[in-house]
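Examining the three-dimensional arrangement
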2 protein chains.
Amino acid sequence: MHQKAWKYIINSKHILLVSHVSPDGDTLGSVLALYDVLKKLGKKVSLYNFTKELPRIYDFLPNINRIKDTIPNHFDLVISCDCGSFDRLKIPRGDYTLINIDHHISNEYFGDVNLVDTSSASAGMVVYKLLIKNCVKISKNCAICLYVSIVEDTGFFSYSNVDKQTFKDASSLVELGVNPAKIASLLKSRQSLAKVRLLGFVLNNFELYNEAKIAFIYINKEVLLETGAKRYDTKNIVNYLRDIVNVRVAVMILEEEHGGFKVSIRSEDEIDISSIAKDFDGGGHKNSAGFEVIGSDFKEISKKILKKLEDKLV
Amino acid sequence: MHQKAWKYIINSKHILLVSHVSPDGDTLGSVLALYDVLKKLGKKVSLYNFTKELPRIYDFLPNINRIKDTIPNHFDLVISCDCGSFDRLKIPRGDYTLINIDHHISNEYFGDVNLVDTSSASAGMVVYKLLIKNCVKISKNCAICLYVSIVEDTGFFSYSNVDKQTFKDASSLVELGVNPAKIASLLKSRQSLAKVRLLGFVLNNFELYNEAKIAFIYINKEVLLETGAKRYDTKNIVNYLRDIVNVRVAVMILEEEHGGFKVSIRSEDEIDISSIAKDFDGGGHKNSAGFEVIGSDFKEISKKILKKLEDKLV
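Note that the structure is predicted; figures quoted are calculated from it, not measured.

When its secondary structure is counted, chain A shows 11 helices and 12 strands. Taking 20 Å as the expected radius of gyration for a compact globule of 314 residues, we find that chain A reaches 21 Å, a close match to that expectation. Seen through its principal axes, chain A has C-alpha atoms that stretch 60 × 40 × 35 Å. Considering chain A as a whole, with its 314 residues, one finds that 56% of them fall into the buried category. In chain A, 59% of the contacts between residues at least 6 apart in sequence involve partners at least 24 apart. With the model as given, the accessible surface of chain A reaches about 14400 Å², and the carbon-plus-sulfur share is 48%. Between the mean site of the 42 positive side-chain charges and the mean site of the 39 negative ones, chain A shows a separation of 6 Å.

Below, the structure written as structure tokens:
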């Protein structure tokens, strides 16, 4: 499979590298690692992401400014990274070959070649294996992109996708020139004042239910306005509540700009909340799921969710 | 040196393992890793720490309940781990051999044998090397203790002491049975409600000076009382302020129980604040230092510190 993918790459004329909507460090690191390699092979390469404004935190990734929100003409090969389904690419079907590089268990195998390795901690590590198997020389810039994919998708080596290979790969990337402390500082130590103020709000306004086993935070539009936080600043902020010692499930309800609410739930390892998300037509994993609710009555919605969670915790 | 140390260990009758005052995961992980090995060698071993109450967060470390705050009689060998100076052990001098295992650059070489490796990310990694060099079989419990020493002293692979060897060691420890996600969850996801409330206070009450390059937080006794936080809960909380994008130096002033203040300063990589700590008879590293101040006027003290920092930032 790795050889087949490589053959397509070698024989292509114009390669389009696509990262997924709401991009994170894994999808961006993966396509930018490939960009570095493919350019050195003398290929014509374009980078596309649907999102207009990429999260500022990744601005240090080499060549990130080459990612455009417009699709070029006449490409004959698309490589998607870290996308479980075709519709997260936001590109039309067409007369091109598609290589699907991913590590999600839910991947829909939508490519002509599917390099899907669910044992890899990040899509970047699938890219890394592809490069190694084809004896590609990896530059320091490429290594930086791959390393970011690991730390982003493992929460700095903290999630259950970390195994001995993850650390071996990290060690090899350091050998190629990655400075782990510098990357950590760039990713962790440039929090916007607005995001810090939003966290301050969350930690001062959450509510506890069910003998403090359930934590709730409601963030309405005014809070975002007052703190200056962007909607993407709310990402994972609910984890701070799940990390409280007795809390087993944490819920964030975010008022949407044009009505309705976005709900994010995080749970402890042994509590599967994906079924609750499904009940509301949402999705996600065992310990991290979400859904959207139409309506305007925050209290009614939170009561409904609370009831379901209480049943779960019995 | 490793063989000499091992010879002392083999020939000893009663070994006392000593961790430093205000213990952290490295000093505790190191002595408990050694405890596991030495007991299996059939040695008589005691564990001593000066502190009455060990931080609860480490309660999962195998055999941690064997650490006592009383010194036994008639030991002939002391092994200290992660202690830069003899006075951090809080034991009397006496008729015993002392093996000093550490990784601090400031280590005072106070032992009869000094296994001091400043290139090691943690004292635990010096212990690990000692065990490997002497072909000791490492159990899963021992590996857990050593792994905790790494993640604690590298901030989950984020500090400048991380190199390719750190990741190689982590990989080997995972191979010996360590579950990285489980350890991360035990260390990160059991925050006390009091500590979370204290963080909430900090994020809602900090002040910015000097075009937001300096962040200040003042925590008085009443805040600890109201949040229920312990004094050790304030440890590293100032990092949240240093991690704000424009902030280059963050200062926490903590009112002491019996008068005076404890000051903790954190700075960005290129700003050396150790000299400021020295001016106040304190100590520390380039980017993390602290000192104590006598007095009762918080405003006067913060003005003094601010002045020094402003001079530094010019």
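Now that the structure has been shown, we can carry on.
On to the environment of B:Asp36, then. All names here are of chain B. Summarising the element assignment, Asp36 is placed in helix H2 (residues 25-40). Once you skip the residues sitting within four places of it in the chain, Asp36 turns out to touch Ser139, Asn141 and Cys142. For Asp36, the side chain forms a polar contact with the side chain of Lys40, separated by 3.2 Å.

With that settled, consider helix H11 (residues 298-313) of chain B. Residues spaced three or four apart along an α-helix face the same direction, because each turn holds 3.6 residues. Residues and elements named next belong to chain B. With 16 residues, H11 ought to run about 22 Å at 1.5 Å a step, and its terminal C-alpha atoms sit 22 Å apart, in line with that. Along H11, the residues classified as buried are Ile301, Ser302, Ile305, Leu306, Leu309 and Leu313. Axial view of H11: buried residues confined to an arc of 130 degrees, hence all on one face. Two or three places before Lys299, at the start of H11, stands the capping residue Asp297, its side-chain oxygen 3.1 Å from that residue's backbone nitrogen.

Taken as a whole and assessed by the stated rule, the structure comprises 22 aromatic pairs over all chains. Note on A:Tyr209 and A:Phe216: the rings are 5.6 Å apart at their centroids and 85 degrees apart in plane angle, and the pair reads as edge-to-face. Residue class for A:Tyr209 comes out partly exposed when judged on its relative accessible area of 29%. Feature note: the residues A:Tyr147, A:Phe157, A:Phe167, B:Tyr147, B:Phe157 and B:Phe167 constitute an aromatic cluster, connected by ring pairs. Against the face of A:Phe50 rests A:Lys90, its NZ or CZ located 5.6 Å from the ring centre.

What follows is about the packing of helix H5 (residues 164-175) of chain A against helix H5 (residues 164-175) of chain B. Orientation of H5(A) relative to H5(B), taken along the N-to-C sense of each, is 170 degrees, at an axis distance of 8 Å. Judged by the angle between their axes, H5(A) and H5(B) are roughly antiparallel. At the point where H5(A) passes H5(B), the crossing takes the left-handed sense. On the side of H5(A), the interface is formed by A:Lys164, A:Phe167, A:Lys168, A:Ala170, A:Ser171, A:Val174 and A:Glu175, while H5(B) contributes B:Lys164, B:Phe167, B:Lys168, B:Ala170, B:Ser171, B:Val174 and B:Glu175. The residue inventory of the contact of H5(A) with H5(B), partitioned by class, reads six nonpolar, two polar and six charged.

The next point concerns the side chain of A:Ser85. Topologically, A:Ser85 is positioned in the loop between strand E4 (77-81) and strand E5 (97-102). In this view, A:Ser85 contacts A:Glu108 and A:Phe110; residues no more than four positions away in its chain are not counted.

With that out of the way, let us pick up the interface of chain A and chain B. Facing 39 residues of chain A, the contacting portion of chain B comprises 39 residues. Between chain A and chain B, roughly 3200 Å² of surface is buried when both sides are summed, and carbon and sulfur atoms account for 63% of that area. Taken together, the links from chain A to chain B amount to two salt bridges. Across the pair B:Glu175 and A:Lys164 runs a salt bridge, and its minimum N-O distance is 3.3 Å. Where chain A meets chain B, there are 16 residue pairs in polar contact (both at pLDDT 80 or more). Elements represented by at least two residues in the side of chain A that touches chain B include exactly H5, helix H6 (180-188), helix H7 (193-205) and helix H9 (239-242) of chain A. Top element by residues in the side of chain A that touches chain B is H7(A). It accounts for eight residues. Of the residues in the side of chain A that touches chain B, the class split is 21 nonpolar, nine polar and nine charged.

This next bit is on the pattern of salt bridges. Residue and element names in this part refer to chain A. Under the counting rule described, the total for this entry stands at 26 salt bridges over all chains. Residue Arg242 is joined to Asp243 by a salt bridge in which the shortest nitrogen-to-oxygen separation is 2.9 Å. What makes Asp243 buried here is its relative accessible area of 15%. What emerges from the salt-bridge pattern is a single network uniting Arg248, Glu268 and Glu270.

Attention now moves to the relation of the copies chain A and chain B. It takes a turn of 180 degrees to lay chain A on chain B, together with a shift of 0.0 Å along the axis; the resulting RMSD is 0.0 Å. Seen this way, the second copy is the image of the first under a two-fold rotation axis. A share of 100% of interface residues in chain A that are also interface residues in chain B marks the association as one of identical surfaces.

All names here are of chain A. Across the sheet, six strands lie side by side as E3-E2-E1-E4-E5-E6; this open sheet has parallel pairing. Among the strands making up the open sheet, the edge pair consists of strand E3 (67-68) and strand E6 (113-116). Sheet topology places E5 next to E6; four bridges connect them, and they run parallel. Residue Asp102 lies in a different strand from E6, and its bridge partner there is Val116. Against the sheet, helix H2 (residues 25-40) makes contact with strand E1 (14-19), strand E2 (44-48), E3, E4 and E5, and its axis sits at roughly 165 degrees relative to E1, the strand it touches most. Sheet contacts for helix H3 (residues 123-133): E4, E5 and E6; angle to E5, the most-contacted strand, approximately 115 degrees.

If you look at the biggest cluster of nonpolar residues, it comprises 112 residues, and the most contacted ones within it are A:Leu17, A:Ile79, A:Ile101, B:Leu17, B:Ile79 and B:Ile101. The contact partners of A:Leu17, leaving out residues within four places of it in the chain, are A:Val31, A:Leu34, A:Tyr35, A:Leu38, A:Val45, A:Ser46, A:Leu47, A:Tyr48 and A:Ile79. Counting 42 residues, the second-largest nonpolar core is a separate cluster that includes A:Val196, A:Leu199, A:Val223 and A:Ala229.

Scoring rules and cut-offs
- Residues numbered from 1 in each chain as written.
- Chains lettered and ligands numbered in written order.
- Predicted model: local features only at pLDDT ≥ 70, side-chain atom pairs only at ≥ 80, totals over all residues.
- Heavy atoms only, no water.
- Helix = DSSP H or I, 4+ residues; strand = E, 2+ residues; numbered from the N terminus.
- Rg over C-alpha atoms; globule rule 2.2 N^0.38 Å.
- Buried < 20%, exposed > 50% of the residue type's maximum accessible area, 1.4 Å probe, protein only.
- Contact = heavy atoms within 4.5 Å.
- Areas by Shrake-Rupley, 256 points an atom, 1.4 Å probe, with all protein chains shown as cover.
- Lys, Arg positive; Asp, Glu negative; His and termini not counted.
- Charge placed at Lys NZ, Arg CZ, Asp CG, Glu CD.
- Polar contact = N/O pair within 3.5 Å; in protein donor to acceptor, adjacent residues only side chain to side chain.
- Expected span 1.5 Å × (residues − 1).
- Arc of directions from axis to C-beta.
- Phe/Tyr/Trp six-rings, centres within 6.5 Å; stacked < 30°, edge-to-face > 60°.
- Lys NZ or Arg CZ within 6 Å of the ring centre and 35° of its normal.
- Axes fitted to C-alpha atoms, helices over the stretch in contact; angles between N-to-C directions.
- Parallel < 35°, antiparallel > 145°, perpendicular 65-115°, else oblique.
- Left-handed = near helix turned anticlockwise from the far one by under 90°.
- Nonpolar A, V, L, I, M, F, W, Y, C, P; charged D, E, K, R; others polar.
- Buried area = accessible area lost by both parts, 1.4 Å probe.
- Salt bridge = Lys/Arg side-chain N within 4 Å of Asp/Glu carboxyl O.
- Least-squares fit on C-alpha atoms with pLDDT ≥ 70 in both.
- Pairing = 2+ DSSP bridges.
- Core = buried A, V, L, I, M, F, W, Y, C linked by side-chain atoms within 4.5 Å.

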